[in-house]
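Here is how the chains run, residue by residue.
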Amino acid sequence: MNFSTDNDILDLARPELRTLVPYTPGAYEPTCIRMNANESPYRALGDTTSRGLNIYPPPRPWELRDQLAEQYSVPAEQILVTRGSSEAIDVLIRGFCSARKEEIIICPPTFDMYRLYAGIQDVDATEIPLIRNADPRLDFALDTKTLINALNKRTKLVFICSPNNPTGRSTAASEIEAVCKAANGRALVILDEAYLEFSDKKSLQSLQERYEHVVCLRTLSKFVSLAGVRCGALIAIPKLIEFLGSVLPPYTFPTPSIELALKALSTDSLKISMERNTLLRTERARLAAELKSIPAVTKIWPSDANFLLIEVQNRKEFSEAARRSGILVRTFGEQKSLEQCVRITIGRPEDNDFLLEALSMLGHNKISVRERKSLDDQ
Ligand SMILES: Cc1ncc(COP(=O)(O)O)c(C=O)c1O
């Protein structure tokens, strides 16, 4: 197949969107009385925001964008703030894939939202499964060769999640660069780095200096403890940001989220996130070591993320033992390759202790401390 590599990157986008006239938002000047946007002049009871919830948020959260740019060490015009990185996935698929015509490539087992958003847009998700290996250190590797061979004229986006959810494995920079090279001028490569802060690896954002079709996704949901705020960052060349910005409607990012995210990105708050990150990584190693001694656990994969993927003798028994102690873990009944697998998010030390205690009951008829307490309380 013959692909040109000197095309405009936006030639890959949906052509009808390239000519879409953007919405013109009303002006905002903090010192002026607002009679231009049909808002209430009165603040609602309980409104503690500094902007005021009676008025619309800014069309785009510019101040937050600047702060995220600093956090991820890129110029502000390379950032699109999204409602979680989930929305970034959605806006990429909507911006680049025409329904029933084009496709994305995903590498399962991986984050299931890529498939979901493609399905919503009626776009095929071609699967290039990760390569299995009996050695957990080598297991779930990217099938780079097959992936590159699968690129075709219908492919618009390639999603690579590193560290990957749910395997916890990071893909080597050289493998990712090989995909970027092959996809150059043909498809965007989306590097989902939602869990990067939990790994020792560096962000592969610098690939954007050589490859303008590389997009990085980051999130405040994990490392910064703000899953409830819904803040993600899509990082790409300014031309792509501008185009994707025209696909994303204005005023979608809520004022409380902006103000809370700004607080979480302050120096003091980030210092706390960093300390917690160190603790979570220590706990990840401890939990992995302790789980090894539980007979019901048959395999533990190394993890660069804030969770561990393990294989157990019986996933139902395992998750029920955790549930009896009031702990929820994630199973993957629907995914064949993860049939007896369980994903455990690393908790606080006391939560991890509690889980270990709950699991020590597996196969025994003993009663856990929490069950004992709940019986005593009745
Ligand atoms: C790999 C990966 N990417 C993206 C997300 C979405 O995160 P959010 O929308 O909260 O930013 C998740 C959430 O768990 C994830 O695991």
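Residues numbered from 1 in each chain as written. Predicted model: local features only at pLDDT ≥ 70, side-chain atom pairs only at ≥ 80, totals over all residues. Heavy atoms only, no water.

**Q** Outline the sheet that holds strand β1 (residues 79–82), listing residues and values.
**A** Taken together, seven strands build an open sheet; the order of strands is β1-β7-β6-β5-β4-β2-β3 and the sheet is mixed. Bordering the open sheet on either side are β1 and β3 (124–127), each of which pairs with just one other strand. On average, each strand axis in the sheet is inclined to that of its neighbour by 25°, with strand direction left out of account. With four bridges joining them, strand β5 (residues 188–192) and strand β6 (residues 214–219) adopt parallel strand pairing. Within β6, the residue paired with I190 across the bridge is V215. Packing of helix α3 (residues 84–96) onto the sheet brings it into contact with β1, β2 (103–106), β4 (155–161), β5, β6 and β7 (232–235), and relative to β6 it is tilted by some 155°. Packed onto the sheet, helix α4 (residues 113–120) meets β2, β3, β4 and β5 and runs at close to 170° relative to β2. (Pairing = 2+ DSSP bridges. Helix = DSSP H or I, 4+ residues; strand = E, 2+ residues; numbered from the N terminus. Axes fitted to C-alpha atoms, helices over the stretch in contact; angles between N-to-C directions. Contact = heavy atoms within 4.5 Å.)

**Q** Could you give me a rundown of the packing of aromatic side chains, with the residues and numbers involved?
**A** One pass over the full model with this rule turns up six aromatic pairs. Seen from their ring centres, F96 and F243 are 5.5 Å apart, and the 75° between their planes marks the pair as edge-to-face. On the criterion of sequence distance, the pair formed by F96 in helix α3 and F243 in helix α7 (residues 238–247) is long-range, its members being 147 residues apart. Judged by its relative accessible area of 0%, F96 is buried. On the basis of relative accessibility, which here comes to 6%, the residue F243 falls in the buried class. Centroid distance Y195 to F307: 5.2 Å. Interplanar angle 90°. Geometry classified as edge-to-face. Here Y195 is found in the loop between β5 and β6, whereas its partner F307 is found in strand β9 (residues 307–312), with 112 residues between them in sequence. (Phe/Tyr/Trp six-rings, centres within 6.5 Å; stacked < 30°, edge-to-face > 60°. Buried < 20%, exposed > 50% of the residue type's maximum accessible area, 1.4 Å probe, protein only.)

**Q** I'd like to hear about the site of the ligand, residue by residue, with values.
**A** In the vicinity of the ligand lie 13 residues, with S85, S86, D192, T219 and S221 positioned nearest. N165 is positioned with one of its side-chain polar atoms (N or O) 2.8 Å from an oxygen atom of the ligand. With respect to the ligand, the side chain of T219 contributes an N or O atom lying 2.6 Å from an oxygen atom. Protein contact buries 91% of the 400 Å² of open area that the ligand shows by itself. (Near = heavy atom within 4 Å. Polar contact = N/O pair within 3.5 Å; in protein donor to acceptor, adjacent residues only side chain to side chain. Areas by Shrake-Rupley, 256 points an atom, 1.4 Å probe, with all protein chains shown as cover.)

**Q** Please set out the domain arrangement of the protein chain residue by residue, giving values where relevant.
**A** Here the protein chain is partitioned into domain 1 (9–265) and domain 2 (269–377). One C-alpha centre belongs to domain 1, the other to domain 2, and the line joining them spans 30 Å. Facing the 27 residues of domain 1 at the interface are 24 residues of domain 2. Overall, the association of domain 1 and domain 2 removes approximately 2,100 Å² of surface from exposure, summing both partners, and the carbon and sulfur fraction of that is 54%. Its largest share of buried area at the contact with domain 2, domain 1 owes to P166, F198 and F223, together 30% of the area lost on that side. Across the contact surface, domain 1 and domain 2 share two salt bridges. Salt-bridge contacts for D304 lead to K201; the nearest nitrogen and oxygen are separated by 3.0 Å. Taken together, the links from domain 1 to domain 2 amount to twelve residue pairs in polar contact (both at pLDDT 80 or more). Class assignment for the residues of the side of domain 1 that touches domain 2 results in twelve nonpolar, eight polar and seven charged. (Domains from an automatic or database assignment. Buried area = accessible area lost by both parts, 1.4 Å probe. Salt bridge = Lys/Arg side-chain N within 4 Å of Asp/Glu carboxyl O. Nonpolar A, V, L, I, M, F, W, Y, C, P; charged D, E, K, R; others polar.)

**Q** Can you explain the environment of L191? Please cite residues and give values.
**A** Within the fold, L191 resides in strand β5. Taking the C-alpha atoms as reference points, L191 and C216, 25 residues apart in sequence, are found 4.8 Å from one another. When sequence neighbours within four positions are dropped, the list of residues in contact with L191 reads I160, I176, L204, L207, V214, V215, C216 and L217.

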